[in-house]
Amino acid sequence: MKKKVLLMGKSESGKTSMRSIIFANYIARDTRRLGATIDVEHSHVRFLGNLVLNIWDCGGQEAFMENYFTSQRDNIFRNVEVLIYVFDVESSELEKDMHYYQTCLEAILQNSPQARIFCLIHKMDLVQEDQREAIFREREEDLKRLSRPLECTCFRTSIWDETLYKAWSSIVYLLIPNISNLENNLKKFTEILEADEVLLFEKATFLVIAHCQVKQHHDIHRFEKISNIIKQFKLSCSKMQSNFQSMEVRNSEFAAYVEEFTNNTFVMVVISDIAIPSTALLINIKNARKYFDKIEKNDLRSGFHGE
Amino acid sequence: MNDYDNEVSSPCMLKTKVLHEILNEAHSSDIVGIVLMTLEGSLVAYTNRNTDEDSTSSAAIASNIWSSYVHLGQMVLYSDDLDMIMIDGKDGQVVISNAANMLLCIFAKPSAAMGLIKAKAQILCRHLDKPLRSLKQQG
């Protein structure tokens, strides 16, 4: 099952770096090596096993962009599920950026009016911390206004922190077939375990694809932070020629377990009742594994038939 | 047309709070702790009235004793069908029994009546055997 994702934006806005970090196991530092993307780079990324994200990383240099809107227009903008438009927050040509964005939207409106639109205000690390929220809100307002009648969801991102994961998690979440079925099952699982919270990560990217929360938590950014931390850890493990399989973190307030779950996911279980022995929980996770495996297989297959 | 080749049957899972309650019920003034563990000695559930002691080490020692006697039985009696171990010590009494490939261990004060502890162990094991067995099969 293929889903087409367009990644567009001006030259040097950070599209290829983002893609490399999320899908190709680059760490932020490695992206310095990347050069300008020539024309359109197609990458097929396997996500959750059977789902193939067809990412069109469109080179942002002016010559290419002109091309997209003329001769390649139908080819590029047809059958798009998701359009991700990247804006460099430090850009000195705001007018021009908006102009290109609007041209993209017109093409989308004509060829793929059902597509979901995401705007990433990128390179936020270059903005002073106390100004970030204000600048983001300002841009978001402008973009929402300009995008009408289409709706866009905006995120502020940087490859140097967890905000990148938040944006991409939300984007990818929309592409997962039968997500509500998965979430319902996850809820039942959480209840039986008597856990505070259960997260499901996609295996390769470590993006959070589903979660069930029973107890309130003060940090709303914890998902992306955890994605970031575990992904980095996983990458360092592979650099040592070993595969990350599981993790148990314990202190006086909680116990958290990260375990390989189905073929395509990892699960994280957080429990504040530390008196419950690990083994009991691990037995439960093991037994639920087969069940979720079957769900995943059925979901992906029925999603395919549904196309 | 939906074509599922496997029936998606519900998984068998452990309710830790309920298990804890069951172990709690078997307690009396003479009993110091009750532990349910895997054959390797990992704690699955426990109740411990003696807060100084750590159930983890007791469990590890108990499972070690169990496997030693199983091994001994294999060598001497040509049978690995160990049913129960009862230890009558100066500072306390221990009964170790088997429930569906998990070990149940009851720790009691020296003043406790061994017969009573043995009976409790047998009842608990009988009670837990079927559910724990269905739990194992899922793996």
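Thresholds applied
Residue numbers here run from 1 along each chain, matching the order of that chain's written sequence. Chains carry letters from A onward and ligands carry numbers from 1 onward, assigned in written order. Reporting of local features is limited, given that this is a predicted model, to residues whose pLDDT is at least 70; pairs of side-chain atoms are given and counted only at 80 or more, and all residues count toward the totals for whole chains, interfaces and linings. Side-chain numbers here rest on the full set of heavy atoms in the structure, without hydrogens or water. Put simply, DSSP marks the helices as runs of H or I at least four residues long and the strands as runs of E at least two long, and each gets a number from the N terminus on. Each residue's exposure class comes from its accessible area (1.4 Å probe, protein chains only) as a fraction of the maximum for that residue type: buried when under 20%, exposed when over 50%, partly exposed otherwise. Here, residues are in contact when the closest pair of their heavy atoms is within 4.5 Å. Pairs of N or O atoms within 3.5 Å make up the polar contacts considered here, provided that, within protein, one atom can donate a hydrogen while the other can accept it, and that residues adjacent in sequence are counted only when both atoms are side-chain atoms. Where a domain begins and ends is set by an automatic assignment or by a domain database. A simple way to read buried area is as the amount of 1.4 Å-probe accessible surface that goes missing from two parts once joined, with both sides added.

1. Some thoughts on the environment of glutamate 183 of chain A
Residues and elements named next belong to chain A.
So, point 1. With respect to the helices, strands and loops of the structure, glutamate 183 is situated in helix H7 (residues 179–193).
So, point 2. Judged by relative accessible area, glutamate 183 falls into the partly exposed class, the value being 26%.
So, point 3. Considered as a pair, glutamate 183 and alanine 210 are 27 residues apart in the sequence and their alpha carbons are 6.3 Å apart.
So, point 4. With near-sequence residues (within four places) excluded, glutamate 183 lies in contact with Tyr173 and Ala210.
So, point 5. At 3.0 Å, the side chain of glutamate 183 forms a polar contact with the side chain of tyrosine 173.

2. Details of unusual backbone geometry
So, point 1. Proline 149 of chain A follows arginine 148 of chain A through a cis peptide bond whose omega is 5 degrees.
So, point 2. One non-glycine residue, glutamate 194 of chain A, lies in the positive phi region at around 60 degrees.
So, point 3. Topologically, glutamate 194 of chain A is positioned in the loop between H7 and strand E7 (197–202).
So, point 4. Phi at asparagine 101 of chain B takes a positive value of approximately 65 degrees, unusual for a residue other than glycine.
So, point 5. With respect to the helices and strands, the residue asparagine 101 of chain B is situated in the loop between strand E4 (93–99) and strand E5 (102–108).

3. Quick look at the domain arrangement of chain A
Residues and elements named next belong to chain A.
So, point 1. Split by domain assignment, chain A resolves into domain 1 (2–173) and domain 2 (179–306).
So, point 2. Each of domain 1 and domain 2 has a C-alpha centre, and the two are 28 Å apart.
So, point 3. Domain 1 puts 19 residues into the contact, and the matching count from domain 2 is 21 residues.
So, point 4. Overall, the association of domain 1 and domain 2 removes approximately 1800 Å² of surface from exposure, summing both partners, and the carbon and sulfur fraction of that is 63%.
So, point 5. Of all residues in domain 1, the largest losses of buried area upon contact with domain 2 belong to Leu48, Tyr165 and Tyr173, amounting jointly to 37% of the total for that side.

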